[in-house]
Amino acid sequence: MKIGILTGGGDCPGLNAVIRAIVRKGIFHYEDEFVGFLEGWRGVLENVTRPLDLEAVKGILPQGGTILRTSRTNPAKKENGLDICIENLRKNKIDALIALGGDDTQSVSQKLFERGIKVVAVPKTIDNDLSGTDYCFGFDTAVNVATNAIDRVHTTAEAHNRVMVVEVMGRDSGWIAIYSGVAGGADVILIPERPFSINEVADVLTRRHARGRYFSIVVVAEGATLAGGETFATERRKTDEFGHVRLGGIGNSLAAEIESRTGFETRAVILGHIQRGGSPTAFDRMLATRYGIGAIDLVHQGRFGRMVALKGNDISSVPITDAIAKTRYVNQELIDVASSLLDKHTEGVSLLRRDNQPA
Ligand code: F6P
């Protein structure tokens, strides 16, 4: 078969490992031929391709980024965009397409599938909030980067008697924040699933310091929001073609508010794209490889309109519609784990309360 591959949306460590696994199994076991569409859906829309053979995937297993590059192009937003994509797939004599991406990329996969294109999806989001699968590759790497940063911030916070606010990725969900916050021993963890009160954060820190602690670590997901009534300025920049506002800045605003309300010297560290860059962990290389093998097998089983998925320890698949239907939020069990580590009379537990859980 002649198979197209693309990577869309924000990059993740492990994309190259998926591409390599697909190409190697496809060539060695199925005698497939591959075409790489460059920069996500832009490559399909503008017919920009590169050959993908064994030589092209040589040595890319440990490499971050994606050899196919990526973009947040949305063909559904362009005039006749989906028709142009279908035409370009035909021109390239593509029998099946494997799309690596999150809910935005896969919403386009689903639209093309409904128009007769044979698509298989591979789940990808650093935020780890895609439904239908237990884990996305790249998340483990991001958690390790963030945990390592929190460990480093700890020692300097302690040396200077400071509050350090560490801002991590997580637009709609707090997976990176809660994993790295628990693993790094943070004193307060703020996630989009639980709108928070700045006054409560300030009270928690004040009580902690009154008990004799002289430094604190606050981990905040970039998409965390304030509970009713309170506001502060964060940077809100332009939206992408899927309508998402570019986030960033809550760490700085929160640090300023903490300092003014508590009097404790406070600094912010914004990890940003450092979490998405660099070489994948061994866990992510393994998961990415299993997803790649699962995807090429789905193609040859003729099971299109499906996304490979990790369920427990097993690779399986779900309809793409399941993956794009809703965001997968941090579950209560993890929130309970984080809360259990905090002194319920003094620290943090109120920030992770059970009430305002999203529907
Ligand atoms: O969607 C994944 C994500 O990493 C978010 O956590 C973050 O808000 C966004 O992408 C950053 O996007 P960009 O790389 O376009 O700045």
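What you see is a predicted model; the values in this text were computed from it and never measured.

J.: Before we move on, could you go through the site of the ligand and cite the residues and values that matter?
T.: Surveying the vicinity of the ligand reveals the residues Arg72, Ile126, Asp127, Met169, Gly170, Arg171, Glu222, His273 and Arg276. Arg72 places a side-chain nitrogen or oxygen 2.8 Å from an oxygen atom of the ligand. Within the contact set of the ligand, an oxygen atom lies 2.7 Å away from a side-chain nitrogen or oxygen of Arg276. Within the complex, 80% of the 400 Å² of free accessible area of the ligand lies under protein. For the shell around the ligand, the two domains that each supply at least three residues are domain 1 (2–138 + 280–324) and domain 2 (139–276 + 330–352).

J.: Go over the domain arrangement of the protein chain, please, and point to the residues and values.
T.: As assigned here, the protein chain comprises domain 1 (2–138 + 280–324) and domain 2 (139–276 + 330–352). The centre of domain 1, based on its C-alpha atoms, is set 33 Å off from the matching centre of domain 2. Taken together, the contacts link 25 residues of domain 1 with 19 residues of domain 2. Buried area between domain 1 and domain 2, summed over both chains or domains, comes out near 1,800 Å², and the portion from carbon and sulfur atoms is 48%. Ranking the residues of domain 1 by area buried against domain 2 places Arg72, Ile126 and Asp127 at the top, with a combined share of 31%.

J.: Let's hear about the environment of Asp32: which residues, and what values?
T.: Checked against the element boundaries, Asp32 lands in the loop between α1 (15–30) and β2 (33–37). Counting along the chain gives 41 residues from Asp32 to Thr73, while the straight-line C-alpha distance between them is 27 Å. Beyond its immediate sequence surroundings of up to four residues, Asp32 is in contact with Met1, Ile3, Gly26, Ile27, Ile296 and His300. Polar contacts involving the side chain of Asp32 include one to the side chain of His300, which spans 2.7 Å.

J.: Tell me about the pattern of salt bridges, and name the residues and values.
T.: Following the criterion strictly, the structure yields 12 salt bridges and no others. For Asp240, the salt bridge goes to Arg72, with nearest N and O atoms at 4.0 Å. Taken together, the positions of Asp240 in the loop between β8 (216–221) and α8 (250–262) and Arg72 in the loop between β3 (49–52) and α3 (81–91) put the pair 168 residues apart, joining distant regions of the chain. A relative accessible area of 19% places Asp240 in the buried class. Taking the relative accessible area as the measure of exposure, Arg72 reaches 33% and is therefore partly exposed. Across the salt bridge formed by Arg267 and Glu265, the nearest N and O atoms sit 2.7 Å from each other. On the accessibility criterion, Arg267 (38% relative accessible area) is partly exposed. Counted as one network, the salt bridges with shared partners bring together Glu39, Arg42 and Arg69.

J.: A description of helix α7 (residues 198–210) should follow, citing residues and the corresponding values.
T.: With 13 residues, α7 should cover 18 Å at 1.5 Å per step; its first-to-last C-alpha distance of 18 Å lies within 8% of that length. What α7 keeps buried is the set Ile198, Glu200, Val201, Ala202, Val204, Leu205, Arg208 and His209. Next to the buried residues of α7 lie β6 (163–168), β7 (188–190), β8 and α8. Among the residues of α7, the N-terminal cap falls to Ser197, whose side-chain oxygen and the backbone nitrogen of Asn199 are separated by 3.3 Å.

J.: Mind laying out the sheet that holds β2, listing which residues take part and the relevant values?
T.: An order of β3-β2-β1-β4-β5-β10-β11 is seen for the seven strands of this open sheet, with the pairing classed as mixed. At either end of the open sheet lies a strand with only one pairing partner, and these are β3 and β11 (314–319). Neighbouring strand axes in the sheet, compared pairwise and without regard to direction, differ in orientation by 30° on average. Across five bridges, the pairing between strand β4 (residues 96–101) and strand β5 (residues 119–123) is parallel. Across the sheet, Ile98 pairs through a bridge with Val120, a residue of β5. Of the strands in this sheet, β1 (2–7), β4 and β5 are in contact with helix α4 (residues 103–114), which crosses β4 at around 160°.

About the cut-offs
- Residues numbered from 1 in each chain as written.
- Predicted model: local features only at pLDDT ≥ 70, side-chain atom pairs only at ≥ 80, totals over all residues.
- Heavy atoms only, no water.
- Near = heavy atom within 4 Å.
- Polar contact = N/O pair within 3.5 Å; in protein donor to acceptor, adjacent residues only side chain to side chain.
- Areas by Shrake-Rupley, 256 points an atom, 1.4 Å probe, with all protein chains shown as cover.
- Domains from an automatic or database assignment.
- Contact = heavy atoms within 4.5 Å.
- Buried area = accessible area lost by both parts, 1.4 Å probe.
- Helix = DSSP H or I, 4+ residues; strand = E, 2+ residues; numbered from the N terminus.
- Salt bridge = Lys/Arg side-chain N within 4 Å of Asp/Glu carboxyl O.
- Buried < 20%, exposed > 50% of the residue type's maximum accessible area, 1.4 Å probe, protein only.
- Expected span 1.5 Å × (residues − 1).
- Pairing = 2+ DSSP bridges.
- Axes fitted to C-alpha atoms, helices over the stretch in contact; angles between N-to-C directions.

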